[in-house]
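Observations on the model geometry
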Amino acid sequence: MKNLNPKTKAICYIICSAFCFCWMSIFVRLSGNLPSIQKSLFRNAVAFVVALVLLKKSGKGFHLQPQNLPIFLLRSICGTTGILCNFYAVDHLLLSNASMLNKMSPFFVLVFSYFILKEKLTPFQVGVVCVAFVGSLFIIKPVLSNLALIPSLVGLLGGLGAGMAYTFVRMLGLRGENGTVIVAFFSGFSCLVVLPWVLLNFQPMTGTQLLCLLGAGVAATGGQFSITAAYTHAPAREVSVYDYSQIIFSALFGFLLFHDVPDAWSFLGYALIIGAAIGIYCYNNRLLPS
């Protein structure tokens, strides 16, 4: 990686992140019929420990600006909601469908950035968000006869929660907060929120299930730090479209491991959402040349 230019490094990192998050979902599915809240505890506990170790090794410690605490809390509430919804969707939908609904988050970032950060939206960006939303409807299939309607709506809510969380991450970044501190705060907050429920409703796990949940935590941690590394090497507008490689990984491994086969409507939804992502990628790079 040393001889690669920054943009190529960023692309490699973001594809690595997509691969890691795909395996996080696979481990969550493989862990079996455990509550989504219990699964999320292990996912966040691993990230929390790793983030604390990195902060200690860096010598910077866990420090945040007190005036930014409300934003940290909002980021953590939205992120926790996003993870719980995403894990529920992974357990009840095709792996590729759950991943694609979660990948609606970049479009929600555009919307929330307009309302929260007061960043302007152009007519083209509004149109792209509408196209992506229509694509999500082809995956959700909002008719009462669809038995997966509720999990699909929960999956979309997960993408919305993640989108709002990323908007607050952007706000914290603009205010000079350390990325590892943001990860540590969010992971620790999520663990504290779900811990009482897990203690009161703990479902015994087999050794295999425990290993799968630890694997999910390791994969998620790798994904988080890989995507952070990607965005330190190149602007999001130049590389974010490569994050959609997770859909390819999810479709491939979903078929090989779980025999998941999306229907034609889902494929149409994939095409619309990925097409919208490519459209906004090309638009941003034309509008804001490197």
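Quick note: structure is the one above.
Let me sum up the structure you'll find in this document. Small disclaimer: the values here were computed from a predicted structure and weren't measured.

To continue, consider the packing of helix α1 (residues 6–30) against helix α3 (residues 69–92). Interaxial distance between α1 and α3 falls to 9 Å at its minimum, and their mutual angle equals 65°. For the crossing formed where α1 meets α3, the hand is right-handed. Listed contacts from α3 to M24, S25, V28 and R29 of α1 are N86, F87, V90 and D91. For the contact of α1 with α3, the residue count by class is four nonpolar, two polar and two charged.

Turning our attention to the nonpolar core. M24, M100, M104, F107, Y244 and I273 are the most contacted members of the largest nonpolar core, which has 42 residues in total. No other element matches the seven residues that helix α12 (residues 264–287) contributes to this core. Not counting residues within four places of it along the chain, the set of residues in contact with Y244 comprises M100, K103, P106, F107, I273, I274 and A277. Formed by 16 residues, the second largest nonpolar core is a distinct cluster that contains L172, V181, A184 and F189.

Across the interface, α1 lies against helix α9 (residues 207–233) with an axial gap of 7 Å and an inter-helix angle of 160°. Between α1 and α9, the angle is such that the two are roughly antiparallel. In this structure, α1 crosses over α9, and the sense of that crossing is left-handed.

In an α-helix there are 3.6 residues to a turn, and that puts residues three or four apart on one side. Burial analysis of helix α4 (residues 95–102) places eight of its eight residues in the buried class, the great majority of the element. When α4 is considered as a whole, its buried residues turn out to be L95, S96, N97, A98, S99, M100, L101 and N102.

As a further point, take the pattern of salt bridges. The final tally for this structure, using the stated rule, is five salt bridges. Measuring nitrogen to oxygen at the nearest pair gives 3.6 Å for the salt bridge that ties R29 to D260. Placement of the pair is R29 in helix α1 and D260 in the loop between α11 (245–258) and α12, with a sequence separation of 231 residues. For R29, a relative accessible area of 17% translates into the label buried. Linking E119 and R170 is a salt bridge whose minimum nitrogen-to-oxygen distance equals 2.8 Å. With E119 in the loop between α5 (105–116) and α6 (123–140) and R170 in helix α7 (residues 149–174), the pair connects residues that are 51 residues apart, well separated along the chain. The class of R170 is partly exposed, set by a relative accessible area of 41%.

Our next topic: the side chain of R75. Summarising the element assignment, R75 is placed in helix α3. Summary of buried charges: R75 has no salt-bridge partner, and the nearest side chain of opposite charge, E177, is 12 Å away. Ignoring any residue separated from it by four or fewer positions in sequence, one finds R75 in contact with A165, F168, V169, L172, I182 and F186.

Another point: a nonpolar patch on the surface. Among the surface-exposed residues, L252, F255, L256, L257 and V261 lie close enough to one another that they form a single nonpolar patch of about 490 Å² accessible area. Note on placement: V261 falls in the loop between α11 and α12. Residue V261 is classed as exposed on the basis of its relative accessible area of 57%.

Each value, and the rule that gives it
Residues numbered from 1 in each chain as written. Predicted model: local features only at pLDDT ≥ 70, side-chain atom pairs only at ≥ 80, totals over all residues. Heavy atoms only, no water. Axes fitted to C-alpha atoms, helices over the stretch in contact; angles between N-to-C directions. Helix = DSSP H or I, 4+ residues; strand = E, 2+ residues; numbered from the N terminus. Left-handed = near helix turned anticlockwise from the far one by under 90°. Contact = heavy atoms within 4.5 Å. Nonpolar A, V, L, I, M, F, W, Y, C, P; charged D, E, K, R; others polar. Core = buried A, V, L, I, M, F, W, Y, C linked by side-chain atoms within 4.5 Å. Buried < 20%, exposed > 50% of the residue type's maximum accessible area, 1.4 Å probe, protein only. Parallel < 35°, antiparallel > 145°, perpendicular 65-115°, else oblique. Salt bridge = Lys/Arg side-chain N within 4 Å of Asp/Glu carboxyl O. Lys, Arg positive; Asp, Glu negative; His and termini not counted. Patch = residues over 30% accessible without salt bridge, like charges linked within 9 Å, V, L, I, M, F, W, Y side chains within 5 Å. Areas by Shrake-Rupley, 256 points an atom, 1.4 Å probe, with all protein chains shown as cover.

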